[in-house]
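Structure assessment
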Amino acid sequence: MIEFKEVHKWFGELHVLKGITLKVAPAEVLVVCGPSGSGKSTLIRCINRLEPIQKGELIVDGMRVHESKTHMTKLRAEIGFVFQQFNLYPHMTALQNVTLAPIKVRRIARKQAEEEGRRVLAKVGLGDKLHQYPAQLSGGQQQRVAIARGLCMKPKIMLFDEPTSALDPEMINEVLEVMRNLAREGMTMIVVTHEMGFAREVSHRVAFMDFGELIEIAPPEEFFARPRSERTRLFLSKILTH
Amino acid sequence: MLETFNFRVILEYMPLFLRCFWATLWLSGAGLLGALVVGTLACGMRIGRFTLLSWAAGAYIESIRSTPLLVQLFFFYFGLPSLGIRMSEAATGILALTLNSGAYMAEIIRAGIQSIPHGQVEAAVSSGLNYLQRMRHIILPQAIGVTLPPLLGQAIVLVKDSALLSLISLPELTRAGQIMTSERFMPAEGFLTSALFYLLIYYSLKALTHWSQKRLIYMQT
Ligand SMILES: Nc1ncnc2c1ncn2[C@@H]1O[C@H](COP(=O)(O)OP(=O)(O)O)[C@@H](O)[C@H]1O
Ligand SMILES: [Mg+2]
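Cut-off values and rules
Residues numbered from 1 in each chain as written. Chains lettered and ligands numbered in written order. Predicted model: local features only at pLDDT ≥ 70, side-chain atom pairs only at ≥ 80, totals over all residues. Heavy atoms only, no water. Helix = DSSP H or I, 4+ residues; strand = E, 2+ residues; numbered from the N terminus. Expected span 1.5 Å × (residues − 1). Buried < 20%, exposed > 50% of the residue type's maximum accessible area, 1.4 Å probe, protein only. Pairing = 2+ DSSP bridges. Right-handed = clockwise from strand over helix to strand, strands pointing away. Axes fitted to C-alpha atoms, helices over the stretch in contact; angles between N-to-C directions. Contact = heavy atoms within 4.5 Å. Core = buried A, V, L, I, M, F, W, Y, C linked by side-chain atoms within 4.5 Å. Phe/Tyr/Trp six-rings, centres within 6.5 Å; stacked < 30°, edge-to-face > 60°. Lys NZ or Arg CZ within 6 Å of the ring centre and 35° of its normal. Buried area = accessible area lost by both parts, 1.4 Å probe. Salt bridge = Lys/Arg side-chain N within 4 Å of Asp/Glu carboxyl O. Polar contact = N/O pair within 3.5 Å; in protein donor to acceptor, adjacent residues only side chain to side chain. Parallel < 35°, antiparallel > 145°, perpendicular 65-115°, else oblique. Left-handed = near helix turned anticlockwise from the far one by under 90°. Nonpolar A, V, L, I, M, F, W, Y, C, P; charged D, E, K, R; others polar.

Spanning 13 residues, helix 5 (residues 139-151) of chain A covers 18 Å between terminal C-alpha atoms, matching the ideal 18 Å at 1.5 Å per step. Burial analysis of helix 5 of chain A places 13 of its 13 residues in the buried class, the great majority of the element.

Below, the structure is given as structure tokens:
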């Protein structure tokens, strides 16, 4: 579904991804963790070419993302992206937020798109907030609208960039719950997060990144019980103790 | 002193003032419309991806903002004919107001567009919306909300600047005051009447600003 082959990425002089090789299978849930600045966001932002890569190959859903001639609009419609800061459109209601792309990109009739939008918003527990503006919703509710916005495109892949990091603690669970359900339904997901409980319980594999490299990748039982690299161990001891 | 203030003469000159009031309105209105078009275009060129266009728009904006309107007006009025380009006085005046105000509006619109958090653009890109769709559905609806008050402020400046058109003998409000002064030597009555008409335009535009701000308030939250 997603394949990185020796992918390199620079921001000017800064070498941010240093030869990433990684394969994600359909219906797999991959959690990515690592210290701040290690390149986690950049890694998933390359998948829909929010950031272009400079070297290596990146193949997503059969499309060669590393080739500049590859037309991204169609592929982007197949990939939902959830940001740390939600990034909802503040001048639109929840329902308008989730129906915009289906209507404009997928060219679905408004009535049908709204029906689907209602269904998906109800599924993430916001059936009574259809006509609220983002500013009228709590952080957890906004993030659930953002997830619904991705889901309304009926994507093949969902990418999450620290979806709960901007939330107050009491709202984290309502968002994780939505993501858990999504994983159970067989969505292909890459989740950048430090929620190790979620990783343990839901993910198929956990990856650890540091300084632009994939240090370690393993199923959660193994990753947490017997981390192979010293750096992984150090990182885990830091985040699991606080 | 006040007993020398001559209201009768003002009444006598009222038809002239009304004609000139109308002239100020339509000259400014045409300049405003032109400035909005030029400003939007210049802003689009400035922030677009074509280096040459962006540079040209930048040069235009900078050269207008760094020189006095009066110099620009005289250049169009005296300079262009000497280069073989002839226009009526009204066209010259509207051109000067349009190009002058357009440069300021380009910057106002640019600030409005750039005030939209980049994350929203990334969200729109991620869901497959193309450039025009993002402009149409995400950027412009919000940018207009942010931009309307400063744009109306610029419109007020433009109306006041239109007084300079009296210097190329266009019969507008300031010119009316001059005419009355030179014919009857009553500068107090003449220019005060001009000022009152400007005040009327100012308050109408200000009321419009308040009204638009109230309607758009939810976007600021
Ligand atoms: N647009 C950018 N321009 C320049 N440097 C960037 C940009 N985005 C990220 N970086 C840098 O790239 C590195 C990796 O960033 P990021 O992928 O955001 O890390 P993480 O998500 O793991 O915290 C950091 O050093 C960051 O400062
Ligand atoms: Mg990050």
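Once you've had a look at it, read on.
Right, let's talk about the pairing of strand 7 (residues 157-161) of chain A for a bit. Side-chain positions along a regular strand alternate between the two faces of the sheet. All names here are of chain A. Of all the five residues making up strand 7, five are buried; the element is thus mostly covered by neighbouring parts of the structure. Of the two faces of strand 7, the one holding I157, L159 and D161 and the one holding M158 and F160 are both buried throughout. Bridge count for strand 6 (residues 79-82) against strand 7 is four bridges, and the pairing is parallel. For V82, the partnering residue across the bridge sits in strand 7 and is F160. As paired elements, strand 7 and strand 8 (residues 188-192) share five bridges and run parallel to each other. When the sheet's bridge partners are listed, M158 is paired in strand 8 with M189. In this region the chain leaves strand 7, passes through helix 6 (residues 169-184) and returns to the parallel neighbour strand 8; the handedness of that crossover is right-handed.

Residue and element names in this part refer to chain A. The six strands lie next to each other as 6-7-8-3-9-10, forming an open sheet whose pairing is mixed. Because the sheet does not close on itself, it has two edges, and the strands there are strand 6 and strand 10 (213-218). Each strand axis lies, on average, 15° off the axis of its neighbour in the sheet, ignoring direction. Contacts from helix 6 reach strand 3 (29-33), strand 7 and strand 8 within the one sheet, and its direction differs from that of strand 8 by about 145°.

Residue and element names in this part refer to chain A. Counting 51 residues, the largest nonpolar core has I2, F4, I47, L58, V60 and I190 as the members making the most contacts within it. In this structure I47 touches I2, F4, L58, V60, V65, M72, L75, I79, L159 and I190, once residues within four positions along its chain are discounted. V31, L167, V191 and F208 belong to the second-largest nonpolar core, a separate cluster that totals 47 residues.

To continue, consider the packing of aromatic side chains. Think of a pair of aromatic rings as described by two things: how far the centres are apart, and how the planes are tilted against each other in angle. If you walk through the whole model with that rule in mind, you get nine aromatic pairs over all chains. Ring plane angle 10° and centroid distance 6.3 Å describe the contact between F17(B) and F197(B), whose orientation is recorded as stacked. Of the two residues, F17(B) is situated in helix 1 (residues 7-47) and F197(B) in helix 8 (residues 187-215); the sequence distance between them amounts to 180 residues. For the pair formed by F17(B) and F197(B), the shared burial category is buried. Members of the aromatic cluster, joined through ring pairs, are F17(B), F21(B) and F197(B). When the ring centre of F11(A) is taken as origin, the NZ or CZ atom of K9(A), which lies over that ring, is 4.7 Å away. One residue, R49(B), lies across the ring of Y131(B), its end atom 5.3 Å from the ring centre.

On the side of chain A, 24 residues touch chain B, which itself brings 18 residues to the contact. Taken together, the two surfaces of chain B and chain A that pack against each other cover about 1,700 Å², and 63% of this comes from carbon and sulfur. There are one salt bridge connecting chain B and chain A. For the salt bridge of R45(A) with E122(B), the shortest nitrogen-to-oxygen distance reads 2.6 Å. Taken together, the connections running from chain B to chain A amount to seven residue pairs in polar contact (both at pLDDT 80 or more). Top contributing element to the side of chain B that touches chain A by residue count: helix 5 (residues 118-126) of chain B, with seven residues.

Another aspect to go through is the packing of helix 5 of chain B against helix 6 (residues 131-161) of chain B. All names here are of chain B. Orientation of helix 5 relative to helix 6, taken along the N-to-C sense of each, is 165°, at an axis distance of 11 Å. As the angle between them shows, helix 5 and helix 6 are arranged roughly antiparallel. Crossing geometry of helix 5 relative to helix 6 is assigned as right-handed. Packed against helix 5, whose contacting residues are Q120, V121, A124 and V125, the element helix 6 presents R134, I138, I139 and Q142 at the interface. Of the residues contributing to the contact of helix 5 with helix 6, the split by class is five nonpolar, two polar and one charged.

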